[in-house]
Amino acid sequence: MTDPLVSRLAAVRSGIDAAAVAAGRSPADVRLLLATKTVPAVQVLTALRAGYRLIGENRVQEVVGKAGELADEEHSTHFIGHLQTNKLNSLLPHLDCLQTLDSVELAERLQRKLTESGRTLEVFVQVNVTGEDTKSGVSPAAVPALLAGLAGCDRLTVRGYMTIGLNSPDRGAVRAGYRALAELRDTALVGGMPGAEAATELSMGMSADYPDAIAEGATMVRLGSAVFGART
Ligand SMILES: *Cc1c(COP(=O)(O)O)cnc(C)c1O
């Protein structure tokens, strides 16, 4: 019998594919990142073995805690939570991409650590497109300055932008936020903004609103509860 988790993964992936097709996009252009916060390593392993190899965690402690059990299965770990810089040392060995870069200061810290360990890191700039005070991320207007501030950080490659959508039943308002992130990416790319050359990805959309994010151009949706069930 198929593991129910594997069935849910397939159903969610079909939903992503359908949303892409409905938007006139190729399903291959939308990756599924599993938001695995609070999900036990054994379930994450099931997902990895079923071929879903991109995971996102919010807490350094969880990344470190699950790393041993996941070590033998190929996967990429993205960090999607707010990062306390005193935990960088424990996080970096397990990290493939930091999606929550929101200051030059953090970039410079990363640059120093990465230089010490002789490696590089992909990052997404987290943007607060909705202007809510409770949300992390830089304002859209501050993105050019942040990118310019990374000029000396040659260990970092900005691969795109991440945002957390508006928590609202107003789908038009949610979509406007996602559209703003897509426009920001396009402006930076087309305008040849320094630091934005490789920044093509848009990480946006969660379980409640991912079809709208895909309609606005998401290249990566971050799904937790749709796959693993409600968090307790
Ligand atoms: C938890 C989380 C998600 C996934 O949320 P769901 O609603 O469970 O899909 C996506 N992005 C971030 C940053 C998260 O913390």
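Residues numbered from 1 in each chain as written. Predicted model: local features only at pLDDT ≥ 70, side-chain atom pairs only at ≥ 80, totals over all residues. Heavy atoms only, no water.

**Quick notes on the site of the ligand**
1) Next: Near the ligand, the surroundings consist of 13 residues, among which Lys37, Asn58, Ser207, Ser225 and Arg231 are the closest.
2) Next: In this structure, serine 207 approaches the ligand through a side-chain N or O atom, which is 2.5 Å from an oxygen atom.
3) Next: Taking arginine 222, its side chain carries an N or O atom lying 2.9 Å from a nitrogen atom of the ligand.
4) Next: Protein contacts shield 90% of the accessible area of the ligand, which totals 390 Å² for the unbound molecule.
5) Next: A breakdown of the residues in the shell around the ligand according to their chemical character gives six nonpolar, four polar and three charged. (Near = heavy atom within 4 Å. Polar contact = N/O pair within 3.5 Å; in protein donor to acceptor, adjacent residues only side chain to side chain. Areas by Shrake-Rupley, 256 points an atom, 1.4 Å probe, with all protein chains shown as cover. Nonpolar A, V, L, I, M, F, W, Y, C, P; charged D, E, K, R; others polar.)

**Some details on the pattern of salt bridges**
1) Next: One pass over the structure, following the stated rule, counts 14 salt bridges.
2) Next: Notably, a salt bridge pairs arginine 171 with aspartate 212, separated by 2.8 Å at the nearest N-O pair. Residue arginine 171 is located in helix H7 (residues 171-190), and its partner aspartate 212 is located in helix H8 (residues 210-215); the two are separated by 41 residues in the primary sequence.
3) Next: Put simply, Arg171, Arg175, Arg179, Asp212 and Glu216 are held in one network by salt bridges that share partners. (Salt bridge = Lys/Arg side-chain N within 4 Å of Asp/Glu carboxyl O. Helix = DSSP H or I, 4+ residues; strand = E, 2+ residues; numbered from the N terminus.)

**Quick look at the nonpolar core**
1) Next: Counting residues in hydrophobic clusters, the biggest one holds 65 residues, and the most contacted among them are Leu98, Leu110 and Tyr161.
2) Next: In terms of nonpolar packing, the next biggest core, distinct from the first, is built from eight residues, Leu33, Leu54, Ile80 and Met162 among them. (Core = buried A, V, L, I, M, F, W, Y, C linked by side-chain atoms within 4.5 Å. Buried < 20%, exposed > 50% of the residue type's maximum accessible area, 1.4 Å probe, protein only.)

**Concerning the environment of glutamate 216**
1) Next: The topology assignment puts glutamate 216 in the loop between H8 and strand E8 (220-223).
2) Next: Take glutamate 216: its relative accessible area is 12%, and that puts it in the buried class.
3) Next: Not counting residues up to four positions away in its chain, the partners in contact with glutamate 216 are Arg175, Tyr178, Arg179, Ala182, Leu202 and Met204. (Contact = heavy atoms within 4.5 Å.)

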